[in-house]
Amino acid sequence: MNVLVIGKGGREHALVWKLRQSPRAGRVFCAPGNAGTAREGATAVPINYTETDRLGRFCQKEAIGLVVIGPEDPLAAGLADYLRGKGVKVFGPSKDAARIESSKVFAKELMRHADVPTAEFRVFDHPEPARTYIQTRDYPVVVKADGLAAGKGVIVCKDTQEALRAVERIMVRDEFGQRAGRRVVVEKKLEGEELSVLALVSGRTILPLPPCQDHKAALDGDQGPNTGGMGAYCPAPLGTLDLMASLEATVFVPTVHAMKRGRFPFQGLLYAGIMMTNQGPRVLEFNARFGDPETQPLLMRLKTDLLEILEAVADERLEEFENRIEWDPRPAVSVVLCSGGYPAKFDIGKSITGIDEADRLPDVKVFHAGTKLDEKGRLVSDGGRVLAVTALGDTLAAAKARAYQGVKLINFPGMHFRTDIADKALKKPTPVRVESPPVLPARFRRPGSAGGTPQA
Ligand code: AMP
Ligand code: GLY
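Just so it is clear, the model here is predicted, and its values are computed rather than measured. (Residues numbered from 1 in each chain as written. Chains lettered and ligands numbered in written order. Predicted model: local features only at pLDDT ≥ 70, side-chain atom pairs only at ≥ 80, totals over all residues. Heavy atoms only, no water.)

> Account for the overall build of the protein, naming residues and giving values.
Secondary structure summary: the protein contains 15 helices and 23 strands in total. Relative to the compact-globule value of 23 Å for 456 residues, the protein shows a C-alpha radius of gyration of 21 Å, a close match. Each principal axis of the C-alpha atoms in the protein carries an extent, and together these give about 60 × 50 × 45 Å. Relative to all contacts within the protein whose residues are 6 or more apart in sequence, the contacts with residues 24 or more apart total 71%. Element-wise, carbon and sulfur atoms account for 49% of the exposed surface of the protein, whose accessible area totals about 18,700 Å². The average position of the 63 basic charges and that of the 56 acidic charges among the side chains of the protein differ by 2 Å. (Helix = DSSP H or I, 4+ residues; strand = E, 2+ residues; numbered from the N terminus. Rg over C-alpha atoms; globule rule 2.2 N^0.38 Å. Contact = heavy atoms within 4.5 Å. Areas by Shrake-Rupley, 256 points an atom, 1.4 Å probe, with all protein chains shown as cover. Lys, Arg positive; Asp, Glu negative; His and termini not counted. Charge placed at Lys NZ, Arg CZ, Asp CG, Glu CD.)

What follows is the structure, given as structure tokens:
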């Protein structure tokens, strides 16, 4: 089967790498791809996701059996709907279902409606009432632009002044675009450790994958501005069997069910960003796609044929994989190497060395994100997040040590990275064991059986 992956990040390199291992994979294409996907043997397709006509024709010409959409923008733009309309098999939700990520207002209202535990919030379409609301809160808030803003439209505020400035930036100065900033969500700021729980969803089946932990802040110790993600590991001991079972019942089942009832059923990967507060887990956000960088350590551990799994999702026969997905029992750690300046304005075009040496280490894989070959055929940086050095180890500590051993071999001018990926789990006083796979997949339950949960 010929496969087309849409996207150009580290997540897409990991998807391509794993899909290529399938004995059923024919030619693999990546639109547009990066230097890593090309090195993996995926043919680069220079078509933008907005050129839907051209992509449709490409799929027909190359007899593409499955399209896997990586990033949120093409999903929010309705690429899955368009291609399905042309008879192409697609992994990824419809435009309507992708609103769970592309509109914060939609996601929060869905959670309220489905009784999913999340931070207390209000929605505003004018700045003045938003300001009044902020001034009358006796707790810190987070201000979120409604629309997609490349992960930058969420402002975690330390005080009232910063929150008022956030309203100004989003609604008045349109810093994140006019559309994205037409409405804002103002919600209670939650404290705790974060956990990423990704689940495959199709038809009546929800199949949670082993829990991961991302590191959003740019600097060690969770300092500095938020980024797309500076590193991740899997499985995260924070995601105990009990917690995973509870998230399935209180988050995934009611959410997926509400979407089905609302006639925008979800098909693809549903990602819940969870905050572990003193009052219990709360959903911070949903994503309608695989996480980046969570996908890198996750797929490093996957033993089952990814092509078979993603095709089953697209065919609505995911139940065939209940209790059947196999994982390497060893944990994986992924460290993201970034361009100088990232997440603010960053440099590109810097020559990268040492990737082959790092790739030669046992159980190490370097996934490319912002990379390309320049006109002289040299590998250069081409984005904010450049590489994700990913390693397996017998223990989490060993996986971390090996990933950083790989990092040490790589260099480009301005390169920076966090040195504490996985430390939250490693520095816990009493490490908790997580089973792998950590959860038994859930089937749909009948309405009302999920149990209500209070909002924080
Ligand atoms: P979102 O795009 O909604 O996930 O927000 C991005 C990041 O902002 C999250 O991963 C958290 O680190 C942070 N964040 C979002 N909402 C909250 C909240 N209510 N309290 C504290 N931090 C938050
Ligand atoms: N790692 C966070 C995300 O993919 O949105």
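> Any details on the site of ligand 2? Residues and values, ideally.
In the region of ligand 2, the neighbouring residues are Asp214, Lys216, Gly228, Tyr271, Asn287, Arg289, Gly291, Asp292, Pro293 and Glu294. In the model, an oxygen atom of ligand 2 is placed 2.8 Å from a nitrogen or oxygen of the Arg289 side chain. Backbone polar atom of Asp292 to a nitrogen atom of ligand 2: 2.9 Å apart, as the coordinates give it. Across the complex, the protein chains shield 90% of the 200 Å² of accessible surface that ligand 2 would expose by itself. Looking at side-chain class alone, the shell around ligand 2 contains two nonpolar, three polar and five charged residues. (Near = heavy atom within 4 Å. Polar contact = N/O pair within 3.5 Å; in protein donor to acceptor, adjacent residues only side chain to side chain. Nonpolar A, V, L, I, M, F, W, Y, C, P; charged D, E, K, R; others polar.)

> An account of the site of ligand 1 is requested, with residue identities and associated values reported.
In the region of ligand 1, 15 residues are neighbours, and Glu187, Leu190, Glu194, Lys216 and Glu285 sit closest. One of the side-chain nitrogen or oxygen atoms of Lys216 is found 2.9 Å away from an oxygen atom of ligand 1. Look at ligand 1: alone it shows 470 Å² of surface, and the protein chains cover 92% of it. Looking at side-chain class alone, the shell around ligand 1 contains six nonpolar, one polar and eight charged residues.

> If you had to explain the sheet that holds strand β9 (residues 184-188) to someone new, which residues and values would you point to?
Across the sheet, which stays open at both edges, the four strands sit in the order β6-β9-β7-β8 with antiparallel pairing between neighbours. At either margin of the open sheet sits one strand with a lone partner, and together these are β6 (121-124) and β8 (154-156). Averaged over all adjacent pairs, the angle separating strand axes in this sheet is 15°, with direction ignored. Bridging between β6 and β9 involves four bridges; their strand directions are antiparallel. The residue bridging Val123 from the neighbouring strand is Val185, located in β9. Lying over the sheet, helix α8 (residues 127-135) contacts β6, β7 (141-145) and β9, oriented at roughly 160° with respect to β6. (Pairing = 2+ DSSP bridges. Axes fitted to C-alpha atoms, helices over the stretch in contact; angles between N-to-C directions.)

> An account of helix α9 (residues 160-172) is needed here, citing residue identities and associated values.
Helix length check: α9 (13 residues) gives 17 Å between terminal C-alpha atoms against 18 Å at 1.5 Å per residue, within 8%. Turning to α9, its buried residues are Glu162, Ala163, Leu164, Ala166, Val167, Ile170 and Met171. Taking the backbone nitrogen of Gln161 as reference, a side-chain oxygen 3.3 Å away marks Asp159 as the first, capping residue of α9. (Expected span 1.5 Å × (residues − 1). Buried < 20%, exposed > 50% of the residue type's maximum accessible area, 1.4 Å probe, protein only.)

> Explain the sheet that holds strand β4 (residues 64-69) to me, using residue names and the numbers behind them.
Strand order in the open sheet formed by five strands is β3-β2-β1-β4-β5, and the pairing between neighbours is parallel. Because the sheet does not close on itself, it has two edges, and the strands there are β3 (43-44) and β5 (90-91). Where strand β1 (residues 2-7) and strand β2 (residues 28-32) come together, five bridges link them in parallel fashion. By the bridge assignment for β2, Val3 is matched with Val28. Along the sheet face, helix α1 (residues 10-20) touches β1, β2 and β4 and points at about 170° away from the line of β1. Against the sheet, helix α12 (residues 306-314) contacts β1, β4 and β5, and its axis sits at roughly 90° relative to β4.

> For the pattern of salt bridges, give the residues involved together with the corresponding values.
A full pass over the atoms with the stated rule returns 34 salt bridges. For the salt bridge of Glu12 with Arg11, the shortest nitrogen-to-oxygen distance reads 2.8 Å. Arg131 is the partner of Glu168 in a salt bridge, and the nearest nitrogen-oxygen pair spans 3.2 Å. Of the two residues, Glu168 sits in helix α9 while Arg131 sits in helix α8, which places them 37 residues apart along the sequence. The network of salt bridges with shared partners includes Arg24, Lys89, Glu308, Glu311, Asp315, Arg317 and Glu320. (Salt bridge = Lys/Arg side-chain N within 4 Å of Asp/Glu carboxyl O.)

> Give a detailed account of the confidence of the model for the protein, specifying residues and quantitative values.
Residues of the protein with pLDDT of at least 70 account for 94%, and the chain-wide mean is 93. Scored below 50 in pLDDT, residues 437-456 shows 59 contacts in the model against residues more than four places distant or in partner chains. (pLDDT = per-residue confidence, 0-100.)

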